[in-house]
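Chain and residue survey
One-letter residues, chain by chain:
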Amino acid sequence: LHQMQNFVMRAGEIPVLLKKYLADCTYLKYNEIENVLADGRVAVNGSRKLSPKMMIFPQEDAVHLDDRQISPDPPLKRSYFAFHKPAGFESILTGRSGDKSLDRWMMTLPQGISNIGRLDKATTGLLILTNDGDLNHAIRIKGNVTKEYALTLQEKQAIDLDDSRIQSLLQDVKLEDGSIAKATSISIATVVPPTERWGFTQTIVHLGISEGSYHIVRRMCRAAHLRLAHLHRFRVGNISLMAPDGTLLPEGSIRELTSEEVEDLWRIAGGRDQIAMRRISGLAGMLRRSENTLDDTCVRIRRWFAESNITPDQCSFFEEIEPD
């Protein structure tokens, strides 16, 4: 473990998939990477017959994009933003600034920016935007980072924390597809009494959840028989719509995150070191699954472990994943 922690500081030397190598060395997104590969614009050691899943050994392989050699050292500058998404816009990129996508905002930002996760068309609130693929991956790992939402519940009477439907959200809620979801926290923020125009009482409930499945909060409300009138996300980890100086980010606006906010978010997401250590664990998992394989990639991975003074068994305490 000690040797792995020392080695993590040289993360740029860890073998990675070609698509990840290209993402680390450029501002290309994965769909753009597939296009440049298909167009023959990438060469590895002079060959253009490539697969996105081939392994790149940064200290051995020469990778060229448009006949220019690329390398993860020095690392590219990464950018981080908070965006207050309005209702009526999809959390997608289409390349057309005039439609109901995020393109009209993304076109004003640095190259390679995309959103971490999505909010559906009707949901408002916080989206984190970045061209840091490692942070994007770390935040989307299930259970790492809590997201907080304001739920506007519309009922004939005010809802309190003792309501069995509210309590059920803190337990295992069985969704329509048989999967299970569970809130990490719930509180009552405010109650708006009925008016002549609206005959319902609105209860604003703050809910925290660490999962990020499709429409997860809406599906939980349906399963609990709660009438959800509006959904708004106001926090992801330590990042909120409230800037460090106390000003609220207006709807449809973007602010750049401070370096302190980014480092705190990385810490909450598990830390930069853990991402690199998971890559090493992924390589070890490949060897365990291909124990008797003698193909060139496995031979090179075994040699890489030996030269790094790391044995694959040292990685067994990490979840086995495909290497990035």
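Residues numbered from 1 in each chain as written. Predicted model: local features only at pLDDT ≥ 70, side-chain atom pairs only at ≥ 80, totals over all residues. Heavy atoms only, no water.

Notes on the packing of helix α2 (residues 18-25) against helix α3 (residues 30-38)
Any two packed helices are characterised by how steeply their axes cross, that is the angle between the axes, and by the distance between the axes. The condition that has to hold: Angles run from 0 to 180 degrees between N-to-C directions of axes, and those axes are lines fitted to C-alpha atoms, restricted for helices to the stretch in contact. Helix numbers and strand numbers start at the N terminus; a helix is a DSSP run of H or I with at least 4 residues, a strand a run of E with at least 2. For this classification, under 35 degrees means roughly parallel, over 145 means roughly antiparallel, 65 to 115 means roughly perpendicular, and everything else is oblique. Handedness of a helix crossing follows the sense of rotation of the near helix relative to the far helix, less than a right angle counterclockwise being left-handed and clockwise being right-handed. Whether two residues are in contact is decided by their heavy atoms: any pair within 4.5 Å suffices. Side-chain classes follow a simple rule in which Ala, Val, Leu, Ile, Met, Phe, Trp, Tyr, Cys and Pro form the nonpolar group, Asp, Glu, Lys and Arg form the charged group, and the remainder, Gly included, forms the polar group.
Between α2 and α3, whose axes approach to 10 Å, the crossing angle comes to 110°. Between α2 and α3, the angle is such that the two are roughly perpendicular. When you trace α2 past α3, the crossing you get is right-handed. Note on element contacts: α3 touches α2 through Tyr30, Ile33 and Leu37, opposite Leu18, Lys19, Lys20, Leu22 and Ala23. Considered class by class, the residues forming the contact of α2 with α3 number six nonpolar, no polar and two charged.

Thoughts on the environment of Gly237
Examined against the element boundaries, Gly237 turns out to sit in the loop between β14 (228-236) and β15 (239-240). As a C-alpha pair, Gly237 and Leu265 span 28 residues in sequence and 6.4 Å in three-dimensional space. In this view, Gly237 contacts Val145, Thr146 and Ile268; residues no more than four positions away in its chain are not counted.

Considerations on the nonpolar core
The tendency in soluble globular proteins is for nonpolar side chains to be buried as a group. To keep it simple, the criterion reads: Here, nonpolar core refers to any group of buried Ala, Val, Leu, Ile, Met, Phe, Trp, Tyr and Cys residues whose side-chain atoms link them within 4.5 Å. Here's how the labels work: a residue is buried when its accessible area is under 20% of the maximum for its type, exposed when over 50%, partly exposed in between, all with a 1.4 Å probe on protein chains only.
Leu151 and Met220 are the most contacted members of the largest nonpolar core, which has 33 residues in total. For this core, the elements supplying multiple residues, two or more each, are β6 (80-85), α4 (103-106), β8 (124-130), β9 (147-155), α6 (164-169), β13 (201-209), α7 (216-223) and β14. Sequence-distant contacts of Met220, that is, excluding residues within four places in its chain, are made with Leu169, Val173, Leu175, Ala181, Lys182, Ala183 and Ile209.

Some thoughts on the packing of aromatic side chains
Operational definition: Only centres within 6.5 Å qualify two rings of Phe, Tyr or Trp (six-membered ring in Trp) as a pair; their planes then separate them into stacked at under 30 degrees, edge-to-face at over 60, and tilted for everything else. Lysine and arginine charges are scored as sitting over a ring when NZ or CZ, respectively, is within 6 Å of the ring centre and within 35 degrees of the ring normal.
Enumeration according to the criterion identifies three aromatic pairs in this entry. Plain terms: the ring middles of Phe83 and Trp105 are 4.9 Å apart, the flat faces sit at 50° to each other, and that makes the pair tilted. You can see Phe83 sitting in strand β6 and its partner Trp105 sitting in helix α4, a full 22 residues away along the chain. Each member of the pair Phe83 and Trp105 is classed as buried. Each ring, one from Phe89 and one from Trp105, has its centre 5.0 Å from the other, and the planes form 75°; the classification is edge-to-face. Linking Phe89 in the loop between β6 and α4 with Trp105 in helix α4, this pair joins segments that are 16 residues apart in sequence. For the residue pair Phe89 and Trp105, the accessibility class agrees, reading buried in each case. Through a chain of ring-to-ring contacts, three or more aromatic side chains come together here, namely Phe83, Phe89 and Trp105. Positioned over the ring face of Tyr30 is Lys19, at 5.8 Å from the centre of the ring.

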